[in-house]
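Coordinates in review
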Amino acid sequence: MRAVTFQGLEQVRVEEKPEPELVAGDDAIVQVDTSAVCGSDLHIYHGRVPVEEGFTIGHEFVGTVLAVGDDVDRVGIGDRVVGCFHTACATCTPCLRGDYHRCANGQTFGHGSHLGNLQGAQAERLLVPRANLTLRRVPESVSSDVALFAGDVMGTAFHAISYGGMRSGDTVAILGLGPVGLCAVQAAFAGGAVQVFAIDTVAERLEMAASFGATPLHLTEQDAKKEVRAATGGAGVDVAVDAVGNPEPLALAISLARDVGTVSGIGAYSGRMEVPLGLAWLKGLSLRLGVANVIAHVDHVLDLLEAGKLDPAPLVSHHMSLDQAPEAYQLYDAREALKIILTP
Ligand SMILES: [Zn+2]
Ligand SMILES: [Zn+2]
């Protein structure tokens, strides 16, 4: 079968790879209908996340179940399913707490041996371990393009809002309007936000956020702090989301949050960084950080997609074939695409 493999710095290739085979009783084999290129794939592309050469990459997919082991009972052959971007065992201590994103035995699709050695989804077919927990049936009325977002991007956005403790009637600021930030705008409104400030520098992304009902704020051409203060009676927002993962947006999120509000950092931070922790302390802020618990949210997200309360369809900017993966990565790296769907 054909699969997209990592070949070293800024190189991917479509190669012939062996067919996946069932190993454990709770494994499934899925025929991939759609996969996608994600910001996390660019970390691999740029060598920031170490992946072996020849490893199949990709972690977002919707497909059809081709085969299941004897212990798989929540999905069956022929079901159209969406996969979460990682697996979880359901029996370790973090899983028993419901913290599937910190599973001691979890594997992330398409991230090489250091994240579980699980081949990726940018392929014709893939092996899905722990299928009872990793896969969900897709509601009939939800397109595969839209359902794909439930397994990573929209699940992550939903996490940023729900773990940020947002309540109906709250005001929210979203910093960074990549796919996760734009989905977070929708997730905030779905959760009952009364006003969502969407902050970025890219005009098209600000326009899209505005089309979802947000108040767009240009990071460099407007004074975000002043605008947010003016619109919230001087208080600041209840929840400020950093969807970038850098010290500058985190610092701005801390300054935009109201006293005893929450800063939800969903971007991927790395290493040490300097942030105004004194201000966060003075304001009594809660900081909620970390990778998203997508497995815990995927059923809610699918329900909201089916109900039309969330609709990431406008984010899909490109449809390309799996064979065009090298061009797709170049396009995504050049920031000329918001979401690229790959079809085998
Ligand atoms: Zn992703
Ligand atoms: Zn576990």
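If you're wondering where the values come from, they're calculated on a predicted model, not measured in any experiment.

Assigned domains of the protein chain: these are domain 1 (2–153 + 293–343) and domain 2 (164–289). In this structure, domain 1 and domain 2 have C-alpha centres spaced 28 Å apart. Across the domain 1 to domain 2 interface the summed buried area is about 940 Å²; carbon plus sulfur atoms make up 73%. Looking only at domain 1, the three residues that lose the most surface to domain 2 are V153, L315 and L338, adding up to 49% of its buried area. Remark: the boundary between domain 1 and domain 2 carries zero salt bridges. Where domain 1 meets domain 2, there are one residue pair in polar contact (both at pLDDT 80 or more).

Protein ligation of the zinc ion (ligand 1) involves C38 (SG), H59 (NE2), E60 (OE) and D152 (OD), the donor distances falling in the range 1.8 to 2.2 Å. Given four donor atoms and angles of 97 to 132° at the metal, the environment of the zinc ion (ligand 1) is assigned as tetrahedral. Each donor residue of the zinc ion (ligand 1) lies on the same chain, and together they follow the pattern C-x20-H-E-x91-D. Side by side, H59 and E60 carry an identical accessibility label, which is buried.

Another point: helix α12 (residues 325–333). What α12 keeps buried is the set A325, A328, Y329, L331 and Y332. Buried residues along α12 cover an arc of 160° about the axis, so they all sit on one side. A positive backbone phi angle near 55° is found at R335, which sits one or two residues after α12.

With that settled, the discussion passes to the environment of S286. Among the structural elements, S286 can be located in strand β13 (residues 286–289). The exposure class assigned to S286 is partly exposed, which follows from its relative accessible area of 37%. In this structure the C-alpha to C-alpha distance between S286 and D259, which are 27 residues apart in sequence, comes to 9.8 Å.

Rules used in this analysis
- Residues numbered from 1 in each chain as written.
- Chains lettered and ligands numbered in written order.
- Predicted model: local features only at pLDDT ≥ 70, side-chain atom pairs only at ≥ 80, totals over all residues.
- Heavy atoms only, no water.
- Domains from an automatic or database assignment.
- Buried area = accessible area lost by both parts, 1.4 Å probe.
- Salt bridge = Lys/Arg side-chain N within 4 Å of Asp/Glu carboxyl O.
- Polar contact = N/O pair within 3.5 Å; in protein donor to acceptor, adjacent residues only side chain to side chain.
- Donors = N, O, S within 2.8 Å, 3.2 Å for Na, K, Ca; no water.
- Tetrahedral: all angles 85-135°; square planar, octahedral: opposite > 155°, others 65-115°.
- Buried < 20%, exposed > 50% of the residue type's maximum accessible area, 1.4 Å probe, protein only.
- Helix = DSSP H or I, 4+ residues; strand = E, 2+ residues; numbered from the N terminus.
- Arc of directions from axis to C-beta.

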